[in-house]
Amino acid sequence: MHVILSIEQIAAKTRRRSGESGPSCSGRGRIRVTLDDGESFLFPSLKAARLGFAEAKELSDDTYTQIMQSLRSACMQRCGTLLGTRDYSECRLREKLIEAGFPDSIVEEAVGKLQKAGYLDDRRFARSYIRSHIQDRSRLRIIRDLAGKGISETDIEEVFAEFAEEEDLEDAQRQQVMRLLKKRGFDPGEAGYEERQKTMAFLHRKGYPADLIRRMTGCRDDY
């Protein structure tokens, strides 16, 4: 048996009728429901009102099952909306679903189904991201971006290895550095020590490897 521990109005606060007490779950919007086992989720206010939600109310097994089925369906619909507009990493999609108020158990179930169906694939996401940004971002910057999106270090390294077989990554990075140097008006043959050091520091901040920076800036060992 599950018991409603608390109800919090989220989107639209409604007036209580005279003589009523406790949180209201009528009206439009959603409420946050917390059960006695710690499970918490957002639920449409109108549906909650029809089911007679109230604090300290015991939910029958049938009602609880109905609630979970409703959340499960809504969660998958939300996934369809999100993935219909762009690709997501597993971590970021999980964050979006939790932000939307779905309970952890429903989120994990949805993520598992999407992975199994091939709609959610961190390696595919990483491949797409690398291909989209290899011409305008350093390898280190891309690695940082992917890590920030929850892609594992192993997946990042292996996808880069796969990508290297198809494309000349070093050439792409070299072309980027050439464009940046041209934009700064940097001439390796004319640049003095101070200008060269500033340019090297600039490229380091961009995430390009030290050996490539030294070659592209014409840096000698005595600099």
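Right above here is the structure, for reference.
Residues numbered from 1 in each chain as written. Predicted model: local features only at pLDDT ≥ 70, side-chain atom pairs only at ≥ 80, totals over all residues. Heavy atoms only, no water.

Caption draft 1: Region of interest: the overall build of the chain. A tally of regular secondary structure across the chain gives 10 helices and four strands. Counting helices and strands in the order they occur from the N terminus, the chain gives β-β-β-α-β-α-α-α-α-α-α-α-α-α. Considering the chain as a whole, with its 223 residues, one finds that 36% of them fall into the buried category. Within the chain, contacts between residues at least 6 apart in sequence are counted, and of these 55% link residues at least 24 apart. If you sum the accessible surface of the chain, you get close to 13300 Å²; carbon and sulfur atoms cover 46% of it. (Helix = DSSP H or I, 4+ residues; strand = E, 2+ residues; numbered from the N terminus. Buried < 20%, exposed > 50% of the residue type's maximum accessible area, 1.4 Å probe, protein only. Contact = heavy atoms within 4.5 Å. Areas by Shrake-Rupley, 256 points an atom, 1.4 Å probe, with all protein chains shown as cover.)

Caption draft 2: Just the layout of surface pockets, in detail. Looking at the second largest pocket, its volume works out to about 160 Å³. Surrounding the second largest pocket, Q135, D136, R137, S138, R141, Q176, R179, L180, K206 and Y208 form its lining. The element contributing the most residues to the lining of the second largest pocket is helix α8 (residues 169-184), with three residues. Here the residues of the lining of the second largest pocket are counted per class, giving two nonpolar, three polar and five charged. (1 Å grid on protein atoms, 1.4 Å probe; cavity = no way out; pocket = protein on both sides within 12 Å on 5 of 7 lines; lining within 4 Å. Points joined across faces, edges and corners; volume = space filled by probe spheres on them. Nonpolar A, V, L, I, M, F, W, Y, C, P; charged D, E, K, R; others polar.)

Caption draft 3: A positive patch on the surface, seen in detail. Side chains of K183, R184, R205 and K206 sit close together on the surface and give a patch of like positive charge. Contributions of two or more residues to the positive patch are made by α8 and α9 (193-206). (Patch = residues over 30% accessible without salt bridge, like charges linked within 9 Å, V, L, I, M, F, W, Y side chains within 5 Å. Salt bridge = Lys/Arg side-chain N within 4 Å of Asp/Glu carboxyl O. Lys, Arg positive; Asp, Glu negative; His and termini not counted. Charge placed at Lys NZ, Arg CZ, Asp CG, Glu CD.)

Caption draft 4: Fine view of the sheet that holds strand β2 (residues 30-35). One open sheet holds the four strands; their spatial order is β3-β2-β1-β4, and the pairing between them is antiparallel. On the outer flanks of this sheet lie β3 (40-44) and β4 (58-59), each paired with one strand and no other. Note that strand β1 (residues 2-9) and β2 share five bridges and pair antiparallel. Each bridged residue has a counterpart across the sheet, and for E8 the counterpart in β2 is R32. (Pairing = 2+ DSSP bridges.)

Caption draft 5: Spotlight on the pattern of salt bridges. Scanning all chains against the criterion turns up 14 salt bridges. We note a salt bridge from K113 to E109, for which the minimum N-O separation is 3.4 Å. Pair noted here: K113 and E109 are both in helix α4 (residues 104-117), with a separation of four residues, about one helical turn. You can call E109 partly exposed: its relative accessible area is 28%. In this structure, D155 engages R123 in a salt bridge whose closest nitrogen and oxygen atoms are separated by 2.9 Å. With D155 in helix α7 (residues 153-166) and R123 in helix α5 (residues 122-133), this pair connects stretches of sequence that are 32 residues apart. Among the charged side chains, a network of salt bridges with common partners joins R123, R127, D155, E158 and E162.

Caption draft 6: Looking closely at the pairing of β3. Sheet topology places β2 next to β3; five bridges connect them, and they run antiparallel. Each residue of the ladder has a partner; that of V33, found in β3, is F41. Linking two consecutive strands that pair antiparallel, namely β2 and β3, is a turn of four residues; a positive phi of about 95 degrees is found at G38 within it.

None of the figures reported here should be taken as evidence of function without further support.
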